[in-house]
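Report on the structure
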Amino acid sequence: MDKYIVALDQGTTSSRAVIFDKSVNKIKTAQMEFTQIFPKPGWVEHDPEELFLCQLSVMKEAVEEAGLKPEQIQAVGITNQRETVVVWDKATGTPVYNAIVWQCRRTADLADRLIAEGKRDLIQKKTGLIPDAYFSGTKIKWILDNVPGVRQRAEKGELLAGTIDTWLTWKLTGGKCHVTDYTNACRTMLFNIHTLEWDKELLDLLGIPSCLLPEVKDSSCVYGMTDKSVCGFEAPIASLIGDQQAALFGQACFNEGDTKVTYGTGCFLLMNTGHKAIDSKHKLITTIALGLNGKVEYALEGSVFMGGATIKWLRDELGIINSAQDCDLLAESVPDSNGVMMVPAFTGLGAPYWDSYARGTIMGLTRGANKAHICRAVLEAISYQVKDEIECMKDDAGVCLTSVKVDGGASVSNVMMQFQSDILDTPVYRPSNIETTVTGAAFLAGLATGFWKSKDEIKSVWKIDRVFDPKMEESEREEKYSFWKKAVERSRDWVK
């Protein structure tokens with residue numbers, strides 16, 4: 001009887017389930033969006049119960065429509081939006097508050113206070129992270145400090161906390177497993193990436209009881225079994241991995257210097273640095289890329305908060321397009337942005353600026369500017385932000401990139417991928433399978449259960465769809481990039 005991997009991809013705006021066969025063919029996919037909650041400007045939340053039920057629903061839908069019998073499911077793999085955090089009752093499984101999403105900026109003042117108190121170097125040395133509202137630790141502290149009675153219950157050991165992988169695993173196993181993996185733990189600002197343990201000094205600094213936190217394991221191992229009464233089948237959950245690290249693995253970036261960019265809600269760049277944790281001179285993140293066979297690999301990471309979400313903003317808030325494809329068609333209808341420059345700092349700027357107080361701007365408008373120019377400016381803005389981080393990454397790692405691999409929904413945009421290649425002056429490789437995040441989770445679940453035998457077997461199935469080679473003259477590239485830098489400065493410190 002043929003066996004299959006069920007891979008779950010719990011993202012920022014939607015949940016997906018994809019069923020893979022041994023040849024990495026997608027047998028069935030199901031996807032559903034869920035509610036985005038914005039209680040105040042700069043605040044972003046999800047309902048944890050809705051999030052779980054959404055993920056459970058698409059998993060059941062995919063399994064049912066594929067006609068799978070329970071015994072055909074070799075394993076379940078999970079990849080997830082990182083930094084988003086949930087705190088829930090240990091006995092009942094009821095969340096004490098909404099999930100606070102990675103995009104949420106409510107704890108920016110706390111992060112600033114940590115820096116002002118001289119804790120930046122301490123935190124960066126231990127975690128590879130720079131104190132910022134982006135990471136989970138300050139979000140957990142906010143829940144403990146602001147939801148009545150929660151801190152007392154936490155200190156009594158009545159509550160549990162975790163990132164979304166932990167929450168899903170807890171729910172899918174019927175409350176039997178409170179676990180996470182190295183790639184998610186390292187995003188909390190509470191985990192020492194060198195000693196590979198929750199750091200007591202950091203927990204004390206933020207006032208977070210250690211009993212809240214999950215056990216940390218490899219990204220590829222059997223954590224527990226799905227509860228048949230919850231899922232409809234019993235199978236091992238055999239991979240947990242943060243979405244961007246999953247994409248790095250799904251892109252077969254197994255060697256030092258291999259680099260990928262994922263164009264999703266945000267844009268995320270990761271460069272594999274092997275077993276070396278490289279300290280960044282440019283405010284990039286040093287992160288764990290993978291935990292496999294009892295060893296960890298590291299990566300440098302840059303984060304663009306608003307990637308594909310900026311295109312959704314054009315659709316949902318401005319109403320000038322009906323779909324992402326409309327944005328491409330409009331952008332392709334004009335030769336350039338006609339001087340229009342956009343900085344999509346809706347929730348601040350990530351690396352290398354780390355400015356929580358920057359806000360989105362559109363500049364260079366003239367009477368001749370139209371919606372096509374704005375659409376093109378949006379696509380170019382995403383590419384400029386990627387270039388900012390690639391330049392820092394190359395300097396930190398001391399490498400000269402020969403290519404960049406791309407994936408994620410927005411990477412289907414030919415006009416944006418060509419501009420990305422032009423502004424980087426580097427070939428851009430787009431694989432035939434751009435859904436590398438969920439594929440990475442499937443690969444790791446398969447490795448843990450013998451479905452696939454080795455990295456070499458995985459690498460053999462990675463295939464290129466198209467290569468975008470740079471065509472822009474150096475003088476034009478330099479001029480455009482200098483205007484981008486000028487626009488960024490105009491957007492900074494806006495609300496401060």
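Residues numbered from 1 in each chain as written. Predicted model: local features only at pLDDT ≥ 70, side-chain atom pairs only at ≥ 80, totals over all residues. Heavy atoms only, no water.

Brief notes about the sheet that holds strand 17 (residues 285-292)
Whether parallel or antiparallel, the strands of a sheet pair through hydrogen bonds between backbone atoms. Sheet architecture is open: 7 strands sit in the order 17-18-16-15-21-22-23, paired in mixed fashion. Strand pairing shows two members of the sheet lacking a second neighbour, strand 17 and strand 23 (464-468), which therefore form its edges. Taken pair by pair, the neighbouring strands of this sheet meet at an average axis angle of 30 degrees, ignoring direction. (Pairing = 2+ DSSP bridges. Helix = DSSP H or I, 4+ residues; strand = E, 2+ residues; numbered from the N terminus. Axes fitted to C-alpha atoms, helices over the stretch in contact; angles between N-to-C directions.)

Points about the packing of helix 11 (residues 308-318) against helix 13 (residues 371-397)
Two elements in contact, helix 11 and helix 13, have axes whose closest approach is 9 Å; the angle formed by their N-to-C orientations is 160 degrees. Here helix 11 lies roughly antiparallel to helix 13, going by the angle between them. Here helix 11 runs over helix 13; the crossing is right-handed. Here helix 11 contributes Thr310, Ile311 and Leu314 to the contact with helix 13, which in turn contributes Ile374, Cys375, Val378, Leu379 and Ile382. (Parallel < 35°, antiparallel > 145°, perpendicular 65-115°, else oblique. Left-handed = near helix turned anticlockwise from the far one by under 90°. Contact = heavy atoms within 4.5 Å.)

Observations concerning the pattern of salt bridges
Summed over the entire model, instances satisfying the criterion amount to 37 salt bridges. Through salt bridges with shared partners, a single ionic network connects Arg82, Glu83, Arg187, Asp243 and Glu301. (Salt bridge = Lys/Arg side-chain N within 4 Å of Asp/Glu carboxyl O.)

Notes on the state of the cysteines
For the structure shown, the criterion picks out 0 disulfides. Here Cys253 stays unpaired: no disulfide links it, and the sulfur of Cys267, its closest cysteine neighbor, is 16 Å away. Overall, Cys253 belongs to the buried group, its relative accessible area being 3%. Between Cys327, a cysteine without a disulfide, and Cys375, which holds the nearest cysteine sulfur, the sulfur-to-sulfur distance is 4.1 Å. (Disulfide = S-S within 2.5 Å. Buried < 20%, exposed > 50% of the residue type's maximum accessible area, 1.4 Å probe, protein only.)

Considering the sheet that holds strand 13 (residues 220-225)
The sheet built from 6 strands is open, its strands ordered 3-2-1-5-14-13 with mixed pairing. Of all the strands in the sheet, the pair left with one neighbour each is strand 3 (26-33) and strand 13. Between one strand and the next, the sheet's axes are offset by a mean angle of 25 degrees, whatever the strand orientation. Across 7 bridges, the pairing between strand 1 (residues 4-10) and strand 5 (residues 73-80) is parallel. In the sheet register, Asp9 faces strand 5, and the bridge partner there is Thr79.

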